[in-house]
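# Working through the structure, step by step
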Amino acid sequence: MTATNLEIRNGRVVDPANAVDAKASLFIAEGKVVAIGAAPPGWTTGRIVDAVGCVVCPGLIDVAARLREPGFEYKATLESEMAAAVAGGVTSLACPPDTDPPLDEPGLVEMLKHRARSLNLAHVYPIGALTVGLKGEAITEMGELAEAGCIAFSQADAPQADSQVLLHAMQYAATFGHRVWLRPLDAHLARDGVAHDGEVATRLGLAAIPSCAETIAVDTLCALARVTGARLHLARLSAHESVQRVREAKRSGLDVTCDVAANNVHLCDTDIGWFDAHYHLDPPLRGGRDRAALRAGLADGTIDLVCSDHTPVDDDAKQLPFAESEPGATGLELLLPLTLKWAREDAVALPVALSRITADPARIMGIDAGHIAVGAPADICVFDPEAWWTVDRRSLKSQGKNTPFLGLELAGKVRFTLVAGQIVHEA
Amino acid sequence: MHNPQLNARGELTHLLTLEGLPVEVIVRILDTAVPFVSIAERDVKKVPLLRGKAVFNLFFESSTRTRTTFEIAAKRLSADVINLNIGVSSTSKGETLLDTIDNLVAMNADMFVVRHAQSGAPHLIAQHLLATRRPHIHVINAGDGRHSHPTQGLLDLFTIRHYKQDFRGLTVAIVGDILHSRVARSLIHGLTTLGTPEVRVIGPRTLLPAAVESLGVRVFHDMGEGLRGADVVVMLRLQSERMKGSLLPSAGEFFKHYGLTADKLALAKPDAIVMHPGPMNRGVEIESAVADGAHSVILPQVTFGIAVRMAVMSMLGTSQ
Amino acid sequence: MHTPGLPDAEATLAGLAERMAGAIAADARLVGIYSGGAWLAQRLAEILPGNHPVGYIDVSFYRDDYGKKGLRAKVETTTLPFEVGGARIVLVDDVLYTGRSVRAAINELFDYGRPESIELAVLIDRGGRELPIEATYVGARVAVAREISVVLNRHLDGRLELTVEPAESAPRA
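Read on for an overview of the structure. Being a predicted model, the structure only gives us computed values, none of them experimental. (Residues numbered from 1 in each chain as written. Chains lettered and ligands numbered in written order. Predicted model: local features only at pLDDT ≥ 70, side-chain atom pairs only at ≥ 80, totals over all residues. Heavy atoms only, no water.)

### A short note on the overall build of chain C
- For chain C, the helix and strand inventory stands at four helices and seven strands.
- In chain C, which comprises 173 residues, the share counted as buried stands at 51%.
- For chain C, the share of sequence-separated contacts (at least 6 apart) that also reach a separation of at least 24 residues comes to 69%.
- By element, 52% of the accessible surface of chain C is carried by carbon and sulfur atoms, the whole surface being about 8100 Å². (Helix = DSSP H or I, 4+ residues; strand = E, 2+ residues; numbered from the N terminus. Buried < 20%, exposed > 50% of the residue type's maximum accessible area, 1.4 Å probe, protein only. Contact = heavy atoms within 4.5 Å. Areas by Shrake-Rupley, 256 points an atom, 1.4 Å probe, with all protein chains shown as cover.)

Structure follows, in structure tokens:
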């Protein structure tokens, strides 16, 4: 499609990175933002996007979205998930390395990037495997993988095993400044567990994962980060104790960041009800006190960002007894409305909330995105914060229709998504 | 939250767990079981209540005892009984749990008695039947993982009521591996619903689940303290795989601290009754002198178990 | 209080007992069908000459209409403190209507043993039979509309009384 001169007018431009929150027009040409406010000299408008009643913000950035390629195409494909991404206003996303085969070879990473690029939708930033095959034994060629496009290295959801391997992997990564994103989870304490170790798991007779499985690992990883100097990001916190530890670590000067999944911001273990496998998630939904601490941490910046932890699961894998069902939920299209829901409920200012899904993830990923600036690529999201829509199988574009929010009405509908100045989604 | 066990008229349509069942429903089941006890003493032990109905015993976790009592109960109601011992989880054989159910429904099943290693499996089946609009097919949970064993809970309640009449003045002590016990969970729900003022759980910390007090029980680690003044002592079975490893060092040490001996029983009330869901591990949970002694009502539990299961099946099988 | 149109229960019972006194076997056992028949059997055992053991039968598990009505709320325990096999039995019920309760009672008795003979004594025969069943001894015959149920009540002092109710509230006997 040839580039058109676009004017987005009448919208409330909210750009947390540049502390902008004002009614303004945006002028886009040749894939970039060329002016904010007044048209540049010699401007001819190709198309007007009327953003009346809408918020105009940087395209959203999701640090954890499983696209299920390569290897799990029966669960989802790039086509369906990229369509879901832009329908959710997400213009950049990072995908974890737990594909099949895992992303531990440059060739696989290149193929994935190439596939994504050919779709001309959101930007895909692969996260490379920290160890070969994600087995936790030998470290990967992080240099090669970074060159192929990996922005960080992780073990996906595999619980950390050998701390000596971790130490070496983090030392190696630190040598070259690579980012290490790790799920804090002690393999032994989490063994066989499927739900938070609390009243609900006791009533339902479900094998439990105590909070200390996470907090012990937070302590270990922070200690290793101190010793190695690695740039550590803790992925998917779930327990209130973890939030407190990160707060103290940051206060003590450790350069550590962390995130939370939108599911844990809104739900807790009582929502499992009578064994509803839609609520079987990893990390598990914990108690009310944990949820409150995660929300407070997200508001005060202890938790740097919120992600969808998008994990499309096929129906068959959910129609099983709880512990046998596959954990995970679809979430790319829900990241925005769920973030807005949290902001509304906890009286968090819109720019702060949007920062958690734009400027902050961009900073942690180290990419030039998540902001609106003259000369920057025009990755833009235009959404109506007052438009309510129902989450159901028809409205979701992802191939994964399993989310705990099925049937709920959420506010926040994306009207336009632009990537590199092209309208890639319109509703 | 909608209680999946009750239909729109508030009648019992499945028996999945005692948790959340109204008092009236539990009492009605116990009352209905009373005449079924005497039927066992007749020559002709059958009544025609479920004639023409097909009851499928679906045991994914094998158990000859429980399956046999359900089979006897169904046959005494004149139902046709088909036993399916699937043994291991059906998923490992390629057919999903729900596919198995759909196939059996196509064979005109009226009632499923389900035992499964996973907590929540009977709930999944009940929800599937609701979603596929088959309100006339009923599910009885014969034990799911560590979650619930409602007919065992009911027969335990029946037994206690038989010997002690009123729950409202009782102290009931449940001893052993509460963490892994669906029997304990069911009995606790039943006792608290019927107004038992003091329900105690006794065991080492490793065998007590998180936040167990939230079920409405008092926790004791010292068995002597826990048995003091008890009217009812329920001993739970200790699975052999728990007897060594990181939860318990040995069966011997377990017996020393938590086994029921005559000495320890003497701390309970003089007319206390001793119960056990069976099968017993003599010398681990309970010494033979007590198991076979005057306080033991373990064999009557079995008899009452058939009557209670007949009551449940007849109530479900004759509901609209 | 006497409902107009219905016979007086106590008087009718007295008349029924008179008719039975000379006619039933000396060793007849009375089996009352819960709950009205049970009260009547008790009273008859007191009034009738000679010693007639009394048993009580709950027909809930043998009714043919449980598919429509479900198990009734309160199921009593059938108690037959004598050998049914070879016995001469007089079944006692309060109201004979369709005949289904009596059919169920006979079926249940045969599950206990094979009686020598069964006779039927009822306080009220209201007609409307749906099965080929007739009473051997009848207290009184009354004609009642289909929408109405005839019910036997027992007061705290033991006095029996017949009343009417709309048909839905009682199972058809």
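### Comments concerning the overall build of chain B
- Helices and strands together make up the secondary structure of chain B, namely 11 helices and nine strands.
- Over its C-alpha atoms chain B spans a radius of gyration of 19 Å, differing by no more than 12% from the 20 Å that the globule rule assigns to 320 residues.
- Each of the three principal axes of chain B carries a C-alpha extent, and together these read 55 × 45 × 40 Å.
- In chain B, which comprises 320 residues, the proportion classed as buried is 61%. (Rg over C-alpha atoms; globule rule 2.2 N^0.38 Å.)

### Observations concerning the interface of chain A and chain B
- The interface is formed by 18 residues belonging to chain A together with 28 residues belonging to chain B.
- In total, about 1900 Å² of surface goes out of reach between chain A and chain B, with carbon and sulfur atoms giving 61% of it.
- Of all residues in chain A, Thr202(A), Arg203(A) and Trp274(A) give up the largest surface area on contact with chain B, accounting jointly for 40% of the area buried on that side.
- Joining chain A to chain B, the criterion identifies one salt bridge.
- Where Glu19(B) meets Arg203(A), a salt bridge forms, and the shortest distance between an N and an O atom there is 2.7 Å.
- Linking chain A with chain B are five residue pairs in polar contact (both at pLDDT 80 or more). (Buried area = accessible area lost by both parts, 1.4 Å probe. Salt bridge = Lys/Arg side-chain N within 4 Å of Asp/Glu carboxyl O. Polar contact = N/O pair within 3.5 Å; in protein donor to acceptor, adjacent residues only side chain to side chain.)

### Some thoughts on helix 1 (residues 9-23) of chain C
- With 15 residues, helix 1 of chain C extends 21 Å between its outermost C-alpha atoms, agreeing within 8% with the 21 Å of an ideal straight helix rising 1.5 Å per residue.
- Those residues of helix 1 of chain C lying buried are Ala9(C), Thr12(C), Leu13(C), Gly15(C), Leu16(C), Ala17(C) and Met20(C). (Expected span 1.5 Å × (residues − 1).)

### Re the packing of aromatic side chains
- Across all of its chains, the model carries seven aromatic pairs over all chains by this definition.
- Here the aromatic rings of Phe27(A) and Trp43(A) are separated by 5.3 Å at their centres, their planes lie at 80°, and the arrangement is edge-to-face. Of this pair, Phe27(A) sits in strand 2 (residues 20-29) while Trp43(A) sits in the loop between strand 3 (32-36) and strand 4 (47-50), and the two are 16 residues apart along the sequence.
- A cation sits over an aromatic face here: Arg126(C) above Tyr97(C), 3.7 Å from the ring centre. (Phe/Tyr/Trp six-rings, centres within 6.5 Å; stacked < 30°, edge-to-face > 60°. Lys NZ or Arg CZ within 6 Å of the ring centre and 35° of its normal.)

### Examining the packing of helix 1 of chain C against helix 2 (residues 36-47) of chain C
Residues and elements named next belong to chain C.
- For the pair helix 1 and helix 2, interaxial distance at closest approach is 10 Å and the crossing angle is 55°. In terms of axis orientation, helix 1 runs oblique to helix 2. The hand of the helix 1/helix 2 crossing is right-handed. In this structure, helix 1 contributes Glu 10, Leu 13, Ala 17 and Met 20 to the contact, and helix 2 contributes Leu 40, Arg 43, Leu 44 and Ile 47.
- Class assignment of the residues belonging to the contact of helix 1 with helix 2 gives a composition of six nonpolar, no polar and two charged. (Axes fitted to C-alpha atoms, helices over the stretch in contact; angles between N-to-C directions. Parallel < 35°, antiparallel > 145°, perpendicular 65-115°, else oblique. Left-handed = near helix turned anticlockwise from the far one by under 90°. Nonpolar A, V, L, I, M, F, W, Y, C, P; charged D, E, K, R; others polar.)

### Examining the side chain of Arg42(B)
- Position of Arg42(B) relative to the elements: it lies in the loop between helix 1 (23-39) and strand 1 (54-59).
- In this structure Arg42(B) comes out as buried when scored by relative accessible area, which is 4%.
- At 2.8 Å, the side chain of Arg42(B) and the side chain of Tyr62(C) are in polar contact.
- Residues in contact with Arg42(B), not counting those within four places in the same chain, are Val47(B), Tyr62(C), Glu108(C), Asp111(C) and Tyr112(C).

### Overview of helix 6 (residues 212-228) of chain A
Residues and elements named next belong to chain A.
- In a regular helix each residue adds 1.5 Å, so 17 residues correspond to 24 Å; helix 6 covers 24 Å between its end C-alpha atoms and thus fits that length.
- When helix 6 is considered as a whole, its buried residues turn out to be Ala 213, Glu 214, Thr 215, Ala 217, Val 218, Leu 221, Cys 222, Leu 224, Ala 225 and Thr 228.
- Looking at the buried side of helix 6, the elements it contacts are helix 4 (163-176), strand 11 (179-182), strand 13 (208-209), strand 14 (231-234) and helix 7 (240-251).
- Positioned one or two residues after helix 6, Gly 229 has a phi angle of 75°, which is positive.

### Some words on the sheet that holds strand 6 (residues 60-62) of chain A
Residue and element names in this part refer to chain A.
- Spatially, three strands are ordered 6-7-8 in an open sheet, and the strand pairing comes out parallel. Strands at the two margins of the open sheet, each flanked by one partner only, are strand 6 and strand 8 (123-126). Each strand of the sheet is rotated relative to its neighbour by a mean of 15°, with strand direction disregarded.
- As judged from the four bridges shared by strand 7 (residues 90-95) and strand 8, these two strands associate in the parallel manner. (Pairing = 2+ DSSP bridges.)

### Let's talk about the side chain of His52(C)
Residue and element names in this part refer to chain C.
- As for its position among the elements, His 52 is in the loop between helix 2 and strand 2 (54-57).
- A polar side-chain atom of His 52 sits 2.8 Å from the main-chain carbonyl oxygen of Ala 28.
- Within the structure, His 52 has its side chain in polar contact with the backbone oxygen of Pro 49 (distance 3.3 Å).
- What His 52 contacts, discounting residues up to four positions off in sequence, is Ile 24, Ala 25, Ala 26, Ala 28, Leu 30 and Ala 45.

### Points about the pairing of strand 3 of chain A
- Pairing of strand 2 of chain A with strand 3 of chain A involves four bridges; the strand directions are antiparallel. Residue Ala29(A) lies in a different strand from strand 3 of chain A, and its bridge partner there is Lys32(A).

### Focus: the sheet that holds strand 1 (residues 29-33) of chain C
Residues and elements named next belong to chain C.
- Taken in spatial order, the five strands line up as 2-1-3-4-5 in an open sheet, and their pairing is parallel. In this open sheet, the two strands that pair with only one neighbour each are strand 2 and strand 5 (137-141). Geometrically, the sheet is characterised by an average inter-axis angle of 25° between neighbouring strands, direction not taken into account.
- Across the sheet, helix 4 (residues 100-112) lies against strand 1, strand 2, strand 3 (88-96) and strand 4 (117-125), angled at about 155° from strand 3, the strand it touches most.

### Some details on unusual backbone geometry
- Omega for the peptide link from Asp282(A) to Pro283(A) comes to 5°, which places this bond in the cis form.
- Within the fold, Pro283(A) resides in the loop between helix 8 (262-266) and helix 9 (288-300).
- Look at the link from Tyr34(C) to Ser35(C): it is a cis peptide, with omega at -10°.
- The backbone phi angle of Arg236(A) is positive, close to 60°, even though this residue is not glycine.
- With respect to the secondary-structure elements, Arg236(A) resides in the loop between strand 14 and helix 7.

### Digging into the pattern of salt bridges
- Here the structure, examined in full by the defined rule, presents 50 salt bridges over all chains.
- Ionic contacts of the salt-bridge type, sharing partners, join the residues Arg66(A), Asp98(A), Asp157(A), Arg183(A), Arg236(A), Asp259(A), Asp282(A) and Asp309(A) into one network.

### Observations regarding the pairing of strand 19 (residues 422-426) of chain A
Residues and elements named next belong to chain A.
- Two strands pair when backbone bridges link them, and strand 18 (residues 409-419) and strand 19 are joined in this way by four bridges, in the antiparallel orientation. Following the sheet pairing, Phe 416 is matched in strand 19 by Glu 426.
- Once strand 18 ends, the chain turns through two residues before running back antiparallel as strand 19, passing Ala 420 with a positive phi of about 50°.

### With respect to the packing of helix 3 (residues 97-106) of chain B against helix 4 (residues 121-131) of chain B
Residues and elements named next belong to chain B.
- Put simply, helix 3 and helix 4 touch, their axes get as near as 10 Å, and they point 50° apart. Here helix 3 lies oblique to helix 4, going by the angle between them. In this structure, the crossing between helix 3 and helix 4 has a hand that is right-handed. On the side of helix 3, the interface is formed by Leu 97, Leu 98, Ile 101, Asp 102 and Val 105, while helix 4 contributes Ala 121, Leu 124, Ile 125, His 128 and Leu 129.

### Notes on the arrangement of the chains
- Most contacts, when the two pairs of chains in contact are compared, are made between chains A and B.
- No part of chain A reaches chain C; the closest C-alpha pair between them is 28 Å apart.

### Observations concerning the nonpolar core
- The biggest cluster of nonpolar side chains holds 93 residues, and the ones touching the most others in it are Met82(A), Leu93(A), Met170(A), Leu234(A), Leu354(A) and Phe383(A).
- For this core, the element with the most residues is helix 11 (residues 335-345) of chain A, which contributes six residues.
- Those residues in contact with Met170(A) that lie beyond four places of it in its chain are Val180(A), Leu182(A), Leu221(A), Leu224(A), Ala225(A), Thr228(A), Ala230(A) and Leu232(A).
- Core analysis: the second largest hydrophobic core is formed by 90 residues, Val55(B), Ile174(B), Val183(B) and Leu194(B) among them. (Core = buried A, V, L, I, M, F, W, Y, C linked by side-chain atoms within 4.5 Å.)

### Topic: a nonpolar patch on the surface
- Residues Ile139(A), Tyr172(A) and Phe176(A) make up a contiguous nonpolar surface patch of about 270 Å² in total accessible area.
- With respect to the element layout, Ile139(A) can be found in the loop between strand 9 (128-129) and helix 3 (142-148). (Patch = residues over 30% accessible without salt bridge, like charges linked within 9 Å, V, L, I, M, F, W, Y side chains within 5 Å.)

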